[in-house]
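Observations on chain architecture
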Amino acid sequence: MFDWNDLRFFLELQRSGRLLTAARRLNTTHATVARHIEAIEKSLGTALFVQHAQGYEMTPAGEALLKHAEAMENVALLAQEEITQSTAPLGKIRVGVTEGLGIMFLASRMIGLFERYPGLEVELVAVPRFVSILNREAEISIHLERPAADMLVTRKLTDYRLALYASRAYLDNAPPLRTREDLGRHAWIGYVDDLLFSQELMFLNSFCRNPRVVFHSTSVIAQQQAARSGLGIAVLPCYMAASDPDLVALLPDESIERSYWISTRRELHKSVRLRVVWDYVVGLCEAEQGLLLNL
């Protein structure tokens, strides 16, 4: 039988697709990862991966092993959870969240959670991309689209509203803006189209048929800063921009609504530490509906 420890390296290579990435996540070298993969393949007498220019792809034997490796990993996680909860009911939980909600909404509102549960430790991964639960990047993930994976527990976290904003300095030097038809004469700030991590971010055309975008960024916070500097009009979440003294809300009847979804792996949903954070975030969003929806 192969060494069970080798499965950690098998799973990480399957999730990352590259030796160097897998090695970095496991805090080791690519040669070590390769050695553990070779050990499993030698023990099983078959190749588990095929290397391509784009990375490593599983063979049919690798796909057959994957479901068993994930099941073993889940059992190990549940065992760790059961034992640690009996000795220390709280601990570390990692939350993956989109950049705007994580930095501009959640981070400044987490203190109530720690006042209630002083033994808790939270890692907030707030990045302009999708944070994967299935690849173990986080225990809880908040994102813009509802995941379809069967092994996840998912619910809608909240709806939120986006609207048009620009600085007073920009408006003082730009063409008049009184109606929706005037938007085509203005400069716009938006995302980098070919680097969008969600189709839910393709919303400029909801306001203007052919927007003249002068500044692109993968970061919604960078877009907010660009709008504050006077570069042009940005579509921003109201919870970020409505209280910004350097921004002016434009055309109050023009806005769009989007949703955030929260999810976790099914086997972790009963975890005490996870439910503490999960319930707090859900309750926080329910309490802040006025801000999120700009009511």
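Residues numbered from 1 in each chain as written. Predicted model: local features only at pLDDT ≥ 70, side-chain atom pairs only at ≥ 80, totals over all residues. Heavy atoms only, no water.

**A look at the environment of Leu 20**
Relative to the elements of secondary structure, Leu 20 occurs in helix α2 (residues 19-25). Each C-alpha atom, one on Leu 20 and one on Leu 101, is 31 Å from the other, the two residues being 81 residues apart in sequence. (Helix = DSSP H or I, 4+ residues; strand = E, 2+ residues; numbered from the N terminus.)

**Focus: the packing of helix α1 (residues 6-16) against helix α3 (residues 30-44)**
Following both chains from N to C, one finds α1 and α3 inclined at 110°, their axes separated by 9 Å at the closest point. By the angle between their axes, α1 is roughly perpendicular relative to α3. Regarding α1 and α3, the two cross each other, and that crossing is left-handed. On α3, the residues that touch Asp 6, Leu 7, Phe 9, Phe 10 and Leu 13 of α1 are Thr 32, Val 33, His 36, Ile 37, Ala 39 and Ile 40. Split into classes, the residues belonging to the contact of α1 with α3 amount to eight nonpolar, two polar and one charged. (Axes fitted to C-alpha atoms, helices over the stretch in contact; angles between N-to-C directions. Parallel < 35°, antiparallel > 145°, perpendicular 65-115°, else oblique. Left-handed = near helix turned anticlockwise from the far one by under 90°. Contact = heavy atoms within 4.5 Å. Nonpolar A, V, L, I, M, F, W, Y, C, P; charged D, E, K, R; others polar.)

**A closer look at the sheet that holds strand β6 (residues 152-166)**
The eight strands lie next to each other as β4-β3-β5-β10-β6-β9-β7-β8, forming an open sheet whose pairing is mixed. With partners counted over all chains shown, the strands left at the sheet margins are β4 (121-127) and β8 (212-216), one partner each. The mean inter-strand angle of the sheet, taken between neighbouring strand axes irrespective of direction, is 25°. Here strand β3 (residues 92-98) runs beside strand β5 (residues 140-143); their pairing, made up of three bridges, is parallel. (Pairing = 2+ DSSP bridges.)

**Here we look at the nonpolar core**
Within the largest apolar cluster, 61 residues are counted, with the highest numbers of intra-cluster contacts made by Leu 101, Ile 142, Leu 157, Leu 164 and Trp 188. The element that contributes the greatest number of residues to this core is helix α10 (residues 272-287), accounting for nine residues. Counting residues in each nonpolar core, the second largest holds 18 residues, with Leu 7, Ile 40, Phe 49 and Ala 69 among its members. (Core = buried A, V, L, I, M, F, W, Y, C linked by side-chain atoms within 4.5 Å. Buried < 20%, exposed > 50% of the residue type's maximum accessible area, 1.4 Å probe, protein only.)

**Quick look at the domain arrangement of the protein chain**
The domains assigned to the protein chain are domain 1 (4-81), domain 2 (91-158 + 260-293) and domain 3 (160-256). For domain 1 and domain 3, the distance between their C-alpha centres works out to 44 Å. (Domains from an automatic or database assignment.)

**Things to note about the pattern of salt bridges**
In this structure the tally under the stated criterion is 12 salt bridges. One salt bridge connects Glu 123 with Lys 92, and the closest N-O pair in it is separated by 3.4 Å. One end of the pair, Glu 123, is in strand β4; the other, Lys 92, is in strand β3, and 31 residues separate them in sequence. For Glu 123, a relative accessible area of 23% gives the class partly exposed. Assessed through its relative accessible area of 43%, Lys 92 is described here as partly exposed. A salt bridge links Arg 161 to Glu 257; the nearest nitrogen and oxygen atoms lie 2.8 Å apart. Of this pair, Arg 161 sits in strand β6 while Glu 257 sits in strand β10 (residues 248-265); the two residues are 96 residues apart in sequence, bridging distant segments of the chain. Arg 161 gets classed as partly exposed once you look at its relative accessible area, which sits at 22%. (Salt bridge = Lys/Arg side-chain N within 4 Å of Asp/Glu carboxyl O.)

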